[in-house]
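Notes for the structure review
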Amino acid sequence: MRFNSNNIYSLLTVCLLSLSALAASAASGNSNDVMRTTKQERNYINEGNKLYHQQRFAEAEVLYRKALSAQPLSEAAAYNLATTLIRQSGSADPNKGNNPLQEAEGLLRQIAESGKNASLIERACYNLGNLAFNAQQYQASIDMYKGALRKNPDNDKARENLRLAQKKLQEQQNNQNQQNQNQQQNQDQDKKDQNKDQDKKNQDQKDQNQDKQPQQQDQKKNQQQPPQQSGISDANAEKILKAMENEEAATRKRIEAQRKKGAQPNRKQPIKPW
């Protein structure tokens, strides 16, 4: 919880000024002034209490502040002012903005830590426990309820609230542990999914490399084999050449035969008589 430092500093300033005035008055032997301020304090507190019971909290606040002005060290005026501020705060968050709960908490904590009246210290601790409980600050509320019980072990309300705060703290810790476990499980699952994705990528890359190997082997084989020569093979060329030679020989024989035939005499057949 946060404290309203401005209000605390203002209160301390009033205390210092009042103490200085009281010291000066006592030094001059003017004890009547001290008695008059004490009487004013009591009158303001009594009037403020009447208004408080009538639930006129804003008017009661004014009178309690006057009581503190008359007697800045009045623990009763400070405690009553704190309870009045709590009544006016409703369900407001003490950690947001200029909230009455901030000033109330500062007043109560001052009484709990340095007060002289045991009954007011008990009540201050009890109210601080309630403020912490409402803010779900269960460990702080437990400490405050224990402080109230140390001053008054018969405070059944403080004991009951202490047990409830301890139960709430255990539930809060269990919920936090469960959230941490769920978060860890989610992180582990995300890591597993990432590993699966990476394994799949690696397998795909491996498959692609395997698919490329036959192609590379074929390309290498083709590079190693000599290129086929285009045109007629030696055997075919020899056959063609032989056929041409045979044809040429046949042609020569025909020509030679024709020559011989032309060299023979032309024998005419005799004309037979009728």
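Reading the values: rules and limits
- Residues numbered from 1 in each chain as written.
- Predicted model: local features only at pLDDT ≥ 70, side-chain atom pairs only at ≥ 80, totals over all residues.
- Heavy atoms only, no water.
- Axes fitted to C-alpha atoms, helices over the stretch in contact; angles between N-to-C directions.
- Helix = DSSP H or I, 4+ residues; strand = E, 2+ residues; numbered from the N terminus.
- Parallel < 35°, antiparallel > 145°, perpendicular 65-115°, else oblique.
- Left-handed = near helix turned anticlockwise from the far one by under 90°.
- Contact = heavy atoms within 4.5 Å.
- Nonpolar A, V, L, I, M, F, W, Y, C, P; charged D, E, K, R; others polar.
- Salt bridge = Lys/Arg side-chain N within 4 Å of Asp/Glu carboxyl O.
- Buried < 20%, exposed > 50% of the residue type's maximum accessible area, 1.4 Å probe, protein only.
- Polar contact = N/O pair within 3.5 Å; in protein donor to acceptor, adjacent residues only side chain to side chain.
- Phe/Tyr/Trp six-rings, centres within 6.5 Å; stacked < 30°, edge-to-face > 60°.

A closer look at the packing of helix α4 (residues 75-89) against helix α5 (residues 100-114)
Helix-helix packing: each pair is described by the crossing angle between the helix axes and the interaxial distance. Interhelical geometry of α4 versus α5 gives an angle of 150° and a closest axis separation of 8 Å. One finds that α4 runs roughly antiparallel with respect to α5. Once α4 is placed against α5, the crossing between them reads as left-handed. Across the interface between the two elements, E75, A78, Y79, L81, A82, L85, I86 and S89 from α4 touch P100, L101, E103, A104, L107, L108 and I111 from α5. Looking at side-chain class alone, the contact of α4 with α5 contains 12 nonpolar, 1 polar and 2 charged residues.

Let's talk about the pattern of salt bridges
According to the stated counting rule, one finds 8 salt bridges in the structure shown. Two residues, R65 and E61, come together in a salt bridge whose shortest N-O distance is 3.0 Å. Linking R65 with E61, this pair stays in helix α3 (residues 57-70), spanning 4 residues, or about one helical turn. Using a relative accessible area of 32% as the deciding quantity, one classes R65 as partly exposed. You can call E61 buried: its relative accessible area is 16%.

Quick word on the side chain of N99
The topology assignment puts N99 in the loop between α4 and α5. At a separation of 2.8 Å, a polar atom in the side chain of N99 contacts the main-chain amide nitrogen of L101.

A closer look at unusual backbone geometry
Even without glycine at this site, Q55 takes up a positive phi of about 60°. With respect to the helices and strands, Q55 occurs in the loop between α2 (31-53) and α3. Owing to a relative accessible area of 62%, Q55 belongs among the exposed residues under this scheme.

Describing the packing of aromatic side chains
Enumeration according to the criterion identifies 3 aromatic pairs in this entry. With a centroid separation of 5.2 Å and an interplanar angle of 70°, the aromatic rings of Y52 and F57 are classed as edge-to-face. Owing to a relative accessible area of 19%, Y52 belongs among the buried residues under this scheme. For F57, a relative accessible area of 16% puts it in the buried group. Measuring from ring centre to ring centre gives 5.3 Å for F133 and Y138, while their planes differ by 70°; the resulting arrangement is edge-to-face. Y138 shares its class with F133; the two are buried.

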